[in-house]
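Fold and contact review
The chain contents come next:
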Amino acid sequence: MGVNLSGRSFLKLLDFTPAEITYLIDLADDFKRLKRTGTPHRYLEGKNIVLLFEKTSTRTRCSFEVSGMDLGMGVTYLDPGSSQMGKKESIEDTARVLGRMYDGIEYRGFAQEIVEDLARNAGVPVWNGLTTEFHPTQMIADMMTIREKLGRLKGLNFTFMGDAGNNVGNSLMVVCAKLGLNFTACGPAAQMPDAELVETCRSIAAENGCTVTLTEDFDAGTRDADVIYTDIWVSMGEPDSLWAERIKLLKPYQVNAAAMANAKPTAIFMHCLPSFHDTKTTIGAEIAEKFGLTEMEVTDEVFESAQSVVFDEAENRMHSIKAVMYATLK
Ligand code: CP
Ligand code: NVA
């Protein structure tokens, strides 16, 4: 049966079948070819979208803006200070207003419940550009990148190192279970994904012939991995006061040369970005001064190595977000 996502919201990958997710990855590949060959694709001319950002962004915002414009749409960006949402107007009312004016709404912010609430009330597709719990558009780009680099998805060993219970770790566990990759979360017990989500993913994985493993053992977690992935140790919306505790907990799970050497020789390194792999950022410099640590979740050596595909991954955010918008708006 053909896949039709027209009119659907894109809030979390638990809502989508493996066939639907694969369709979005295939479509993202098609859009990449069109972009690379300079072929116009203004398929959604006359439509308008609004981007609501309650947290900062480089990749996600720019991907939605450029993709919207490439598809011929009008794009409005609203930052946390420039709308009434939450402060003077409820999410429900905001959704009902924006749904009258726009054909699609992107939301980046806090609780997953907010984006679900927006979608229930907007009457137009709503896309999750990152919440505390999930980051689904990142997943389409990540799976697209892995398939591009390694030629397949099913049966690969995927390891997430570090803060595995964050939005990116949770989402990777879901997408791996859906698409048949063996997912391993390698980190301290305190930072593992929520037990209920792990159980849900284990039963999805069983249907798709793969596994979900949680381990605190660096060697076991990295052994024979095809993909090693990590993310920052303190996410947006979490207090800076957490840095000391997180550094202590997560430093043993830093992606370094030993992790890559323990993985397969063909292994790739991935990161959703932004990354603290040196001291060239304000936070990176502050951490270096306070804790004497010049690289955090990944060493600069691994980040800059030939195995690192992080900038292809970042580019693919644009192609995949375009696919998500096109599939749901066409
Ligand atoms: N990976 C990602 O979502 O990046 P931004 O925070 O820059 O959007
Ligand atoms: N876990 C990170 C992802 C950033 C793209 C955060 O939420 O800040």
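What counts and how
- Residues numbered from 1 in each chain as written.
- Chains lettered and ligands numbered in written order.
- Predicted model: local features only at pLDDT ≥ 70, side-chain atom pairs only at ≥ 80, totals over all residues.
- Heavy atoms only, no water.
- Helix = DSSP H or I, 4+ residues; strand = E, 2+ residues; numbered from the N terminus.
- Buried < 20%, exposed > 50% of the residue type's maximum accessible area, 1.4 Å probe, protein only.
- Polar contact = N/O pair within 3.5 Å; in protein donor to acceptor, adjacent residues only side chain to side chain.
- Contact = heavy atoms within 4.5 Å.
- Axes fitted to C-alpha atoms, helices over the stretch in contact; angles between N-to-C directions.
- Parallel < 35°, antiparallel > 145°, perpendicular 65-115°, else oblique.
- Nonpolar A, V, L, I, M, F, W, Y, C, P; charged D, E, K, R; others polar.

The next subject is the side chain of T94. Turning to its location among the elements, T94 is positioned in helix α3 (residues 91–101). Judged by relative accessible area, which is 7%, T94 ranks as buried. A polar contact of 2.7 Å, which involves the side chain of T94, links it to the backbone oxygen of S90.

A few words now on the side chain of H135. Tracing the sequence through the fold places H135 in the loop between β4 (126–128) and α5 (136–150). Looking at H135, the relative accessible area reads 3%, which means it is buried. For H135, the residues in contact, after removing those within four places along its chain, are T60, R108, G129, L130, N167, V168, S171 and R317.

What follows is about the packing of helix α9 (residues 243–250) against helix α11 (residues 282–291). Relative orientation of the contacting elements α9 and α11 amounts to 80°, with a least axis distance of 12 Å. Here α9 is positioned roughly perpendicular relative to α11, judged by the angle of their axes. Two secondary-structure elements touch here, α9 through W243, A244 and I247 and α11 through I283, I287 and F291. Across the contact of α9 with α11, the residue classes tally to six nonpolar, no polar and no charged.

Here we come to unusual backbone geometry. In the segment running from L273 into P274, the intervening peptide bond is cis, with an omega of 5°. Relative to the helices and strands, P274 is located in the loop between β9 (268–271) and α11. One non-glycine residue with positive phi stands out, namely L130, at about 125°. With respect to the helices and strands, the residue L130 is situated in the loop between β4 and α5. Residue classification places L130 among the buried residues on the basis of a relative accessible area of 6%.

Shape is all these values report; function is a separate question.
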